[in-house]
Amino acid sequence: MQKLISYFAVVFIYLAVATDFWRCAKTPAMSQYLKLHSTMIAFGLIIHAWLLYQTIFVNGYNLGFFNVLSAIAWLTVLIYWVADLNHKLTSLQAFVLPPAAIFALLPASNATNHFMPLAESPLFLAHITIALLAYSLFTFATFHALLMTVAERSLHNKPTPIKLPSFPPLMVMESLLFRIISLGFILLTITLVSGMLFSEEIFGKPMQFNHKAVFSIASWFIYGGLLYGRYQYGWRGLKAIRWTLSGFILLVLAYVGSKFILEVLLGR
């Protein structure tokens, strides 16, 4: 019962902050509300982290589908919270917090469990940690790209489903986007290389060239092509956003899609 209350506390905090942001976005005391929001998000992150520890580590190394989604959501909110301290990305709350609230609640159902037999292997733990951080960085980059899309349309007075009360200059947002993608690309590279070189030690079987590997490598080429285009040809704006979204879709198909089919649909 205590865990269930904690789950709903995280959901309440994330949704309450996102809702209150839109309520007070244009009020004179906005800065005071933002400080409160940052404190509330930090509190939500602490509770969320405790729940992840309980579900993933206490009864074995449980990397079930819902646990993984919740962990990625936690890391994404953490990345947002840290980035917001320096770049004032408060409008990103509307994109990051509502999905995080949903994903944080999913492990409460105990619908999927996937206990890993190699939890004691330092190489396995490093591989999984780096992979989750890479996915979270690309998730944040995708939300950030969506924010840039809305901001760009707002600047050109084009109709948008979301009206942003404020956002940083587009040049600042674009610079942050490519820093996040660059770091995510490095971590994704380490994930793929470690998986290829140490597949048998990490997963207990030789590397298999399956759809997960194909989509992962394809997303690596997309993000690598985006970074090359940025630094070689100065790609920016909608082109950069489209490449970012394309890479993320392939990454979702590679990992989240395969785990959803195997664990949720097939029950393996």
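The coordinates are above.
These numbers were taken from a predicted model, which means no experiment stands behind them. (Residues numbered from 1 in each chain as written. Predicted model: local features only at pLDDT ≥ 70, side-chain atom pairs only at ≥ 80, totals over all residues. Heavy atoms only, no water.)

Turning to the environment of L177, a few remarks are in order. With respect to the secondary-structure elements, L177 resides in helix 6 (residues 170-197). The class for L177 is buried, based on a relative accessible area of 1%. In sequence terms L177 and L137 are 40 residues apart; their C-alpha atoms lie 9.9 Å from each other. Those residues in contact with L177 that sit more than four places away from it in its chain are A141, H144, A145, M148 and T244. (Helix = DSSP H or I, 4+ residues; strand = E, 2+ residues; numbered from the N terminus. Buried < 20%, exposed > 50% of the residue type's maximum accessible area, 1.4 Å probe, protein only. Contact = heavy atoms within 4.5 Å.)

Helix length check: helix 8 (residues 211-233), at 23 residues, gives a terminal C-alpha distance of 32 Å against a target of 33 Å (1.5 Å per residue), a fit within 8%. Along helix 8, the residues that are buried comprise A213, S216, S219, Y223, G224, L226, L227 and G229. G234 sits one or two positions beyond helix 8 and adopts a positive phi of about 75°. (Expected span 1.5 Å × (residues − 1).)

Attention shifts here to the pattern of salt bridges. It is possible for side chains bearing opposite charge to pair when their charged atoms get close. Tallied over the entire structure, the rule returns two salt bridges. We note a salt bridge from R230 to E174, for which the minimum N-O separation is 3.1 Å. One end of the pair, R230, is in helix 8; the other, E174, is in helix 6, and 56 residues separate them in sequence. Residue R236 is joined to E174 by a salt bridge in which the shortest nitrogen-to-oxygen separation is 3.5 Å. Separated by 62 residues along the polypeptide, R236 in the loop between helix 8 and helix 9 (237-265) and E174 in helix 6 bring together distant segments of the chain. (Salt bridge = Lys/Arg side-chain N within 4 Å of Asp/Glu carboxyl O.)

For the rest of this paragraph, the subject is the nonpolar core. Ranked by size, the top nonpolar core spans 66 residues in total, and within it Y14, V77, L92, F140 and I181 carry the most contacts. Those elements that provide at least two residues to this core are helix 1 (2-24), helix 2 (30-56), helix 3 (65-87), helix 4 (93-105), helix 5 (122-155), helix 6, helix 8 and helix 9. Ranked by residues supplied to this core, first place goes to helix 5 with 16 residues. In this structure F140 touches T76, I79, Y80, A83, L89, L92 and I180, once residues within four positions along its chain are discounted. (Core = buried A, V, L, I, M, F, W, Y, C linked by side-chain atoms within 4.5 Å.)

This part takes up the side chain of D84. Examined against the element boundaries, D84 turns out to sit in helix 3. On the accessibility criterion, D84 (13% relative accessible area) is buried. Residues within four places of D84 in sequence aside, it is in contact with L89 and T90.

With respect to the helices, strands and loops of the structure, S246 is situated in helix 9. Overall, the relative accessible area of 35% leaves S246 in the partly exposed class.

Axis separation between helix 6 and helix 8 bottoms out at 10 Å; the angle between their running directions is 140°. In terms of crossing hand, the pair formed by helix 6 and helix 8 is left-handed. Packed against helix 6, whose contacting residues are E174, F178, I181, S182, F185, L188, T189, L192 and M196, the element helix 8 presents S216, I217, S219, W220, Y223, G224, L226, L227, R230 and Y231 at the interface. In terms of residue class, the contact of helix 6 with helix 8 is built from 12 nonpolar, five polar and two charged. (Axes fitted to C-alpha atoms, helices over the stretch in contact; angles between N-to-C directions. Left-handed = near helix turned anticlockwise from the far one by under 90°. Nonpolar A, V, L, I, M, F, W, Y, C, P; charged D, E, K, R; others polar.)

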